[in-house]
Amino acid sequence: MKHLESGYCNSLRVTGVTGKQKEGEVNSMRLVKRITAAAMALTMTAALAGCGSSSGSTSTTAADTTAAAVTEKAADGSSAEAGSTSVSIDRAKEFVTVATGPTSGIYYPIGGAFATALGNAGYKTSAQATGASVENINLILNGEAELAIAMQDSVVQAYEGFGAFEKAEPDLRAMMRLWPNYVQLVTVASTGIKSVEDLKGKRVGIGAPNSGVELNARMIYEAYGMTYEDSDVDYLSYGEAIDQMKNGQCDAAFVTSGLPNATVSELAFSYDMVIVPIDGEGRDNLIEKYPFFSASTIPANTYNNKEDVESVFVYNIMLVNKDVSDDMVYDMLDCIFSDDGIATIKASHNTADKNIDVSFGVDDVKIPLHDGAAKWWQDHGYETPEN
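Residues numbered from 1 in each chain as written. Predicted model: local features only at pLDDT ≥ 70, side-chain atom pairs only at ≥ 80, totals over all residues. Heavy atoms only, no water.

Novice: What exactly am I supposed to notice about the layout of surface pockets here?
Specialist: By volume, the largest pocket amounts to about 680 Å³. For the largest pocket, the lining is made up of 30 residues, of which Pro102, Ala132, Val213, Tyr238 and Thr256 are closest to its centre. Secondary structure elements with two or more residues in the lining of the largest pocket: helix H5 (133-141), helix H7 (212-223), helix H8 (238-246), strand S7 (252-257) and helix H9 (262-270). When residues in the lining of the largest pocket are grouped by element, the largest group, three residues, is from H5. When grouped by side-chain class, the residues that make up the lining of the largest pocket number ten nonpolar, 19 polar and one charged. (1 Å grid on protein atoms, 1.4 Å probe; cavity = no way out; pocket = protein on both sides within 12 Å on 5 of 7 lines; lining within 4 Å. Points joined across faces, edges and corners; volume = space filled by probe spheres on them. Helix = DSSP H or I, 4+ residues; strand = E, 2+ residues; numbered from the N terminus. Nonpolar A, V, L, I, M, F, W, Y, C, P; charged D, E, K, R; others polar.)

Novice: Can you walk me through the packing of aromatic side chains in this structure?
Specialist: The relative placement of two aromatic rings is captured by the distance of their centres and the angle of their planes. Counted under the stated rule, the structure contains 13 aromatic pairs. Pairing Phe337 with Trp377 gives two aromatic rings, centres 5.6 Å apart and planes at 75°, and the pair type is edge-to-face. Remark: Trp377 occurs in helix H14 (residues 371-379) and Phe337 occurs in the loop between helix H11 (326-336) and helix H12 (339-346); sequence separation between them is 40 residues. Residue class for Trp377 comes out buried when judged on its relative accessible area of 1%. Three or more aromatic residues link up through ring pairs in this structure, and these residues are Phe162, Tyr290, Phe292 and Phe293. One cation-aromatic arrangement involves Arg177 over Phe360; the distance from NZ or CZ to the ring centre is 4.4 Å. (Phe/Tyr/Trp six-rings, centres within 6.5 Å; stacked < 30°, edge-to-face > 60°. Buried < 20%, exposed > 50% of the residue type's maximum accessible area, 1.4 Å probe, protein only. Lys NZ or Arg CZ within 6 Å of the ring centre and 35° of its normal.)

Novice: Sorry, what's going on with the packing of H5 against helix H6 (residues 152-160) here?
Specialist: For any two helices packed against each other, the geometry comes down to the angle between their axes and how far apart the axes lie. In contact at an axis separation of 9 Å, H5 and H6 are set at 45° when each is read in the N-to-C sense. For the element pair H5 / H6, the angle class is oblique. Judged by the sense of rotation from one axis to the other, the crossing of H5 with H6 is right-handed. Here Ser133, Val134 and Ile137 of H5 come into contact with H6, specifically with Ser154, Val155 and Ala158. Class assignment of the residues belonging to the contact of H5 with H6 gives a composition of four nonpolar, two polar and no charged. (Axes fitted to C-alpha atoms, helices over the stretch in contact; angles between N-to-C directions. Parallel < 35°, antiparallel > 145°, perpendicular 65-115°, else oblique. Left-handed = near helix turned anticlockwise from the far one by under 90°. Contact = heavy atoms within 4.5 Å.)

Novice: Mind showing me how you'd approach H14 here?
Specialist: Along an α-helix, residues three or four positions apart point the same way, because every turn accommodates 3.6 residues. Considered for burial, the residues of H14 that qualify are Gly372, Ala373, Ala374, Trp376 and Trp377. Those residues of H14 that are buried are in contact with strand S4 (174-188) and H11. Directly beyond the C-terminal end of H14, a positive phi value near 90° is found at Gly381.

Novice: Looking at this model, I keep getting lost on the nonpolar core. Mind explaining?
Specialist: A general trend in soluble globular proteins is that nonpolar side chains are found buried together. The biggest cluster of nonpolar side chains holds 93 residues, and the ones touching the most others in it are Met176, Phe254 and Trp377. Residues in contact with Met176, not counting those within four places in the same chain, are Phe114, Ile317, Met318, Leu333, Ile336, Phe337, Ile356, Val362, Val365 and Trp377. Counting 21 residues, the second largest nonpolar core, distinct from the first, contains Leu236, Val255, Ile275 and Tyr303. (Core = buried A, V, L, I, M, F, W, Y, C linked by side-chain atoms within 4.5 Å.)

Novice: Honestly, empty space enclosed by the protein in this entry has me stumped. Any pointers?
Specialist: Rolled over the atoms, a probe sized like a water molecule indicates the empty space that remains. Summed over all chains, the structure comprises one cavity of 30 Å³ or more. Considered as a void within the structure, the largest cavity measures approximately 40 Å³ in volume. Looking at the lining of the largest cavity residue by residue, the classes come out as five nonpolar, two polar and two charged.

Novice: Any chance you could explain the pattern of salt bridges here in plain terms?
Specialist: Where charged atoms from two side chains of opposite charge approach closely, those side chains can pair. Within the structure shown, the criterion is met by 13 salt bridges. Between Asp251 and Arg203 there is a salt bridge, and its shortest N-O distance comes to 3.0 Å. Residue Asp251 is found in the loop between H8 and S7, and its partner Arg203 is found in strand S5 (residues 203-205); the two are separated by 48 residues along the sequence. Arg203 gets classed as partly exposed once you look at its relative accessible area, which sits at 31%. With a closest N to O distance of 3.7 Å, Asp357 and Lys346 form a salt bridge. Residue Asp357 is found in the loop between helix H13 (350-355) and H14, and its partner Lys346 is found in helix H12; the two are separated by eleven residues along the sequence. Summarising the burial analysis for this pair, Asp357 and Lys346 share the class buried. Salt bridges sharing partners connect three or more residues here, namely Asp243, Lys246 and Glu266. (Salt bridge = Lys/Arg side-chain N within 4 Å of Asp/Glu carboxyl O.)

Novice: Just checking my understanding: could you explain the side chain of Ser133 for this structure?
Specialist: Note on placement: Ser133 falls in helix H5. Setting aside residues up to four positions removed in sequence, Ser133 forms contacts with Tyr107, Ile149, Ala150, Met151 and Ser154.

The structure is reproduced here in structure tokens:
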């Protein structure tokens, strides 16, 4: 694949729809959703059955999620009984679309499990496969999804209006914290790349344009005093970039995901793969300017690495459409953290099992919570710093 010109990244922008949709458009959209609910629910159930058990899905072991402090004001137990809510919602009349990610990735099975948990509680639901973070943000802004999974760095860029987003989107709201995505810069020993600075003059896969991976790559280049012009960059997904690496057509690739990543594991199994550390002054610069990043390590033996490798991670969060009522958001959290709800979500993927739990609270969420979510977390004994 011929690489795009280095200036392309700066010229390509993602702009969310502004302003509130007209009431008639929203009602029309919801009517269409309800008419197709039964068929979509059947499709989703079949898809989830495959994702939950497929050997082809990403196998993850969340590493050191306690790097972010767990709130000490944990609620009593790990779940909240759905029947204990003080709000009254006719769930059968409400349709919830959960925007997830590509069917080959981790967002899809976990997002699908959220849809299943809410569906089991009586909501009409659909899990929508998407291009992940940036597309999901725009689906929320356009009123085309009620819930959406997104990497927090992308969300903060949209909320504040920088990076890939031309203008601030202050209507974005969060519901809860999810799991950490680790930035993994991978290469093979024959390239001689041992540091971020060694990417100069090399062929680097930086992610699809304005994807969450590409936004991470862009900020890391900046933190190390570099630009894309310092490398021969390809706007490839990490799967494509790693395939090119196997063919000797790419020297390094940025990957942002849970640990371990199946595609990276395959590279490590067949090739002399090297994980390039993200550390030192560059990492300090990155965290100082973009505090949604946290210093972390990729543990020894995650892949073929015999020692821990310094890196960073950024949390995924669950977005919720601001136009969803406070009572409905409160009720959805009751359903999610009920015994049945959280069991369904945790069973969807090892990463969900290790990292999605009421006890982690919302201290790590960097944009305001929806008012209904803020009330739920406060009622359960947690601080809500952004509210």
